[in-house]
Amino acid sequence: MARVETQQYLGKVYLVGAGPGDPGLMTLKGKQLLEHADVVVYDALVSPPILAMIGDRAERIDAGKRRGRHSKLQSETTRILIEKARTNAVVVRLKGGDPFVFGRGGEEMEDLVKAGVPVEVVPGMTSGIAAPAYAGIPLTHRGHSSSVTFVTGHEAAGKYRPQVNWGAIAQGSETIVIYMGIHNLANIVPRLIEGGLRPDTPIALVRWGTLPEQEELVGTLTTIVRQVEETRFEAPAIAVIGKVVNLYATLSNCRPSV
Ligand code: SAH
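Definitions and limits used
- Residues numbered from 1 in each chain as written.
- Predicted model: local features only at pLDDT ≥ 70, side-chain atom pairs only at ≥ 80, totals over all residues.
- Heavy atoms only, no water.
- UniProt positions renumbered as here; feature names shortened; annotations may be inferred.
- Helix = DSSP H or I, 4+ residues; strand = E, 2+ residues; numbered from the N terminus.
- Buried < 20%, exposed > 50% of the residue type's maximum accessible area, 1.4 Å probe, protein only.
- Contact = heavy atoms within 4.5 Å.
- Areas by Shrake-Rupley, 256 points an atom, 1.4 Å probe, with all protein chains shown as cover.
- Pairing = 2+ DSSP bridges.
- Near = heavy atom within 4 Å.
- Polar contact = N/O pair within 3.5 Å; in protein donor to acceptor, adjacent residues only side chain to side chain.
- Nonpolar A, V, L, I, M, F, W, Y, C, P; charged D, E, K, R; others polar.
- Domains from an automatic or database assignment.
- Axes fitted to C-alpha atoms, helices over the stretch in contact; angles between N-to-C directions.
- Phe/Tyr/Trp six-rings, centres within 6.5 Å; stacked < 30°, edge-to-face > 60°.
- Parallel < 35°, antiparallel > 145°, perpendicular 65-115°, else oblique.
- Left-handed = near helix turned anticlockwise from the far one by under 90°.

- An unreviewed UniProt entry annotates the chain as uroporphyrinogen-III C-methyltransferase of Hydrococcus rivularis NIES-593.
- What UniProt records for the chain under Sequence similarities (unreviewed entry) is the sentence "Belongs to the precorrin methyltransferase family."
- Checking UniProt for the chain, the heading Pathway (unreviewed entry) contains the comment "Porphyrin-containing compound metabolism."

Here you go:
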């Protein structure tokens, strides 16, 4: 007689946010899971001090996906997670920042749920909040901004998500935080100006936010593309646009030491 499989998986997959880089911004829950994990599958943007939290006995799998570098396909990563959850109790899928903010955490979780794998999320500090904060830029401020939009600047928009309506964002949000936008700024900036933003609107780019290598580039919508070219400013960086960027002049002096 065929035996009914009641428990196909021994373990559970935890989608854990590693935060933007400073290990002090990792959650206690995430750190505990790293210490007790049997398997950790991590992305390229996860910083070495966070990887150092992984317990000695854990199997580590690099699923790196930096722009232009070889990476495991999304489906292959999911396949590994499903496979590992069959025989391991604690499988951690470690992602930079927050897993559900431009981290494909939602997509991976859907695939795991479809496969019947128990899964839960441990949110992380997203770089769109932390990188501006470490640069001295509050995203809202009673005098300057009462709304903030998080948006992707990645060129591939349209392939697997709706095209970004930059005009509507320019009209509708006083602070705009762009992820993955550095390589596409020359296309984004004119669309924001067409949408109604003044050409002298301040913009700040924060690269490697919360890490010792953190760098900022501050200008206006008119100047920033040239500044990026001149300084060869590279990803990964967050762009912040809006009046709150003016606070950088006074608040960047009290930045956290990293
Ligand atoms: N899930 C992540 C975002 C992944 S998309 C999060 O919540 O932060 C990758 C993009 O995040 C990068 O292109 C960059 O725009 C941003 N990013 C990630 N880490 C960063 C950091 N330490 N400093 C600045 N930007 C960062």
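Having put the structure on the table, let's press on.
## So, the overall build of the chain
- Helix and strand counts for the chain stand at nine helices and 10 strands.
- By residue count, 48% of the 258 residues in the chain fall in the buried class.
- The long-range share in the chain, meaning contacts at least 24 apart out of those at least 6 apart in sequence, stands at 69%.
- Of the accessible surface of the chain, which amounts to about 13,200 Å², a share of 53% is contributed by carbon and sulfur atoms.

## Thoughts on the pairing of strand β10 (residues 237-241)
- For β10, the tally of buried residues reaches five of five residues, placing the bulk of the element in the interior.
- Judged by which residues are buried, β10 turns out to be covered on both faces: Ala237, Ala239 and Ile241 on one side and Ile238 and Val240 on the other are all buried.
- Where strand β7 (residues 175-179) and β10 come together, three bridges link them in antiparallel fashion. The partner of Val177 across the bridge, within β10, is Val240.
- With five bridges joining them, strand β8 (residues 202-207) and β10 adopt antiparallel strand pairing. Within the sheet, the bridge partner assigned to Ala204 lies in β10 and is Val240.

## Digging into the site of the ligand
- Lining the immediate environment of the ligand, one finds 18 residues, of which Val101, Thr126, Ser127, Gly209 and Ala237 sit closest.
- Measuring from an oxygen atom of the ligand, one finds a backbone N or O atom of Asp98 at 2.8 Å.
- Here Val101 contributes a backbone N or O atom positioned 2.7 Å from a nitrogen atom of the ligand.
- Alone, the ligand offers 550 Å² of accessible surface; in the complex the protein occludes 91% of this.
- Counted by class, the shell around the ligand contains 11 nonpolar, six polar and one charged residues.
- In this structure, the shell around the ligand is formed jointly by two domains, domain 1 (12-125) and domain 2 (128-254), each of which donates at least three residues.

## Remarks on the sheet that holds strand β1 (residues 12-17)
- Overall, parallel pairing links the five strands, which are arranged β3-β2-β4-β1-β5 in an open sheet. With partners counted over all chains shown, the strands left at the sheet margins are β3 (59-62) and β5 (119-122), one partner each. Across the sheet, the mean angle separating the axes of adjacent strands is 20 degrees when strand polarity is ignored.
- Across four bridges, strand β2 (residues 39-42) lies against β3 in parallel orientation. Paired with Val39 across the bridge in β3 is Glu59.
- Running over the sheet, helix α1 (residues 28-36) touches β1, β2, β4 (90-95) and β5 and is turned about 130 degrees from β4.
- Its contacts with the sheet place helix α4 (residues 105-114) against β1, β4 and β5, and it is angled at close to 160 degrees to β5.

## Structural notes on the side chain of Ser47
- Note on placement: Ser47 falls in the loop between β2 and α2 (48-51).
- In this structure Ser47 touches Gly21 and Leu211, once residues within four positions along its chain are discounted.

## A word on the packing of aromatic side chains
- Within the structure shown, the criterion is met by two aromatic pairs.
- Measuring from centroid to centroid gives 6.1 Å for Phe150 and Tyr179, while their planes differ by 65 degrees, and the two rings are edge-to-face. Remark: Tyr179 occurs in strand β7 and Phe150 occurs in strand β6 (residues 148-152); sequence separation between them is 29 residues.
- Site record: aromatic cluster; members linked through ring pairs are Phe102, Phe150 and Tyr179.

## Some details on the packing of helix α7 (residues 185-194) against helix α8 (residues 224-231)
- The geometry of α7 relative to α8 is characterised by a closest axis approach of 9 Å and an angle of 165 degrees between their N-to-C directions. Of the possible angle classes, the one that applies to α7 and α8 is roughly antiparallel. Note on packing geometry: the crossing formed by α7 with α8 is right-handed. Mapping the contact onto sequence places Leu185, Ala186 and Val189 in α7 and Ile224, Val225 and Val228 in α8.

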